[in-house]
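One letter stands for each residue in the lines below.
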There are 2 protein chains.
Amino acid sequence: MNDALDRGSLQGNQRTYTIGELAKMFEVTPRTIRFYEQEGLVSPLRQGQKRIYRDKDRVRLKLTLRGKRLGFSLAEIREVVLMYDAMPGGDALQLKRLLEIIAEKRSELDRQLEDIRLMRLEMDHVVQRAQEALSQLGQQEKQEKQEQI
Amino acid sequence: MNDALDRGSLQGNQRTYTIGELAKMFEVTPRTIRFYEQEGLVSPLRQGQKRIYRDKDRVRLKLTLRGKRLGFSLAEIREVVLMYDAMPGGDALQLKRLLEIIAEKRSELDRQLEDIRLMRLEMDHVVQRAQEALSQLGQQEKQEKQEQI
DNA sequence: GACGACGTTTACGTAAACGTAAAGCCGCAT
DNA sequence: ATGCGGCTTTACGTTTACGTAAACGTCGTC
């Protein structure tokens, strides 16, 4: 009855997802998503037993995975995400702490940019050397064929 | 007799280092460096029992740590580094494999650049919201003081 | 010649981030 | 009604990247 495009449901004008849908969407296993919940990174609603994820949770998951790709630990990611959530109502101290953390992360990102730049340079060198070596081998091959005549 | 600037030794016109020197230099523990050796990432010479590191090893360590900061596993780093070392003498197949691996890593780096860009944007938004909330709190404070008069 | 700083090996411990297996509930298509 | 796909919990297992402790060797120096 439902075709492949009709995934997820509509609840009170809010798009929702099952754990399996999100898992496929982000190419992780359901186990991973449950683990992230246990670590306080997503907080899906429940429909009886079943977890029911809203767009908010999908965004959380997206941010979490992006953080992971950048090498941040789940604990670090949670720290920022939870503070952000506590923002409307947080006191000045909390807000300043949040700004501090973000400043730290930002400088980490800057160091990463530099690391990427350097690593690219080195890769360029390696690629050059490898290609030279390859063309050398190509030449040698020709030589040997010539000698066979 | 030796002052602080006279670290390391000179062996056959080659600068060398002890494990402790390298450890301080890169802010890791000796244990970490020994572990990297066990994983085939550095191969120091031996002077009796003692490990003796050359510039080559220092560079290896530097590259390894840079890779780690970018979220690569030691196994991934080793793959590239070992192939690079086997380059002078590797056959065409090896060289092509090396180029393949590097191409993969490079595209990972590209995705990281994009991730960093996006994460920065989000951080900017968070910072803006936090600063607005802070100045709101500042205003409130003024208000309350006024009312006390 | 004892002491401290530094090095060594061996080996068990640990935190993070899941994987995997067992056992069971639920809706629904056959 | 039964089997199947997908969801659930519980719990133990695994990999990576080291930490930590024990027990010992080797300098330089006081």
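Residues numbered from 1 in each chain as written. Chains lettered and ligands numbered in written order. Predicted model: local features only at pLDDT ≥ 70, side-chain atom pairs only at ≥ 80, totals over all residues. Heavy atoms only, no water.

### Topic: helix H2 (residues 30-38) of chain A
All names here are of chain A. Along H2, the positions that sit buried rather than exposed are Ile33, Tyr36 and Glu37. Taken down its axis, H2 places every buried residue within 105 degrees of arc, on the same side. With respect to the buried face of H2, the exposed residues turned more than 90 degrees away are Arg31 and Gln38. In this structure, the buried residues of H2 make contact with helix H1 (19-26), strand E3 (45-47), strand E4 (50-54), helix H3 (55-69) and helix H4 (74-85). (Buried < 20%, exposed > 50% of the residue type's maximum accessible area, 1.4 Å probe, protein only. Helix = DSSP H or I, 4+ residues; strand = E, 2+ residues; numbered from the N terminus. Arc of directions from axis to C-beta. Contact = heavy atoms within 4.5 Å.)

### What to know about the pattern of salt bridges
In total, this model carries 30 salt bridges over all chains according to the counting rule given. In this structure, Arg69 of chain A engages Asp115 of chain B in a salt bridge whose closest nitrogen and oxygen atoms are separated by 2.7 Å. Pair noted here: Arg69 of chain A is in helix H3 and Asp115 of chain B is in helix H5 (residues 92-148), and the two residues belong to different chains. Note on Arg69 of chain A: relative accessible area 31%, which makes it partly exposed. Taking the relative accessible area as the measure of exposure, Asp115 of chain B reaches 3% and is therefore buried. A salt bridge links Arg97 of chain A to Glu79 of chain A; the nearest nitrogen and oxygen atoms lie 3.3 Å apart. Of this pair, Arg97 of chain A sits in helix H5 (residues 92-148) while Glu79 of chain A sits in helix H4, and the two are 18 residues apart along the sequence. For Glu79 of chain A, a relative accessible area of 32% puts it in the partly exposed group. If you follow the salt bridges from partner to partner, you end up with Arg66 and Arg69 of chain A together with Asp115 and Glu122 of chain B in one network. (Salt bridge = Lys/Arg side-chain N within 4 Å of Asp/Glu carboxyl O.)

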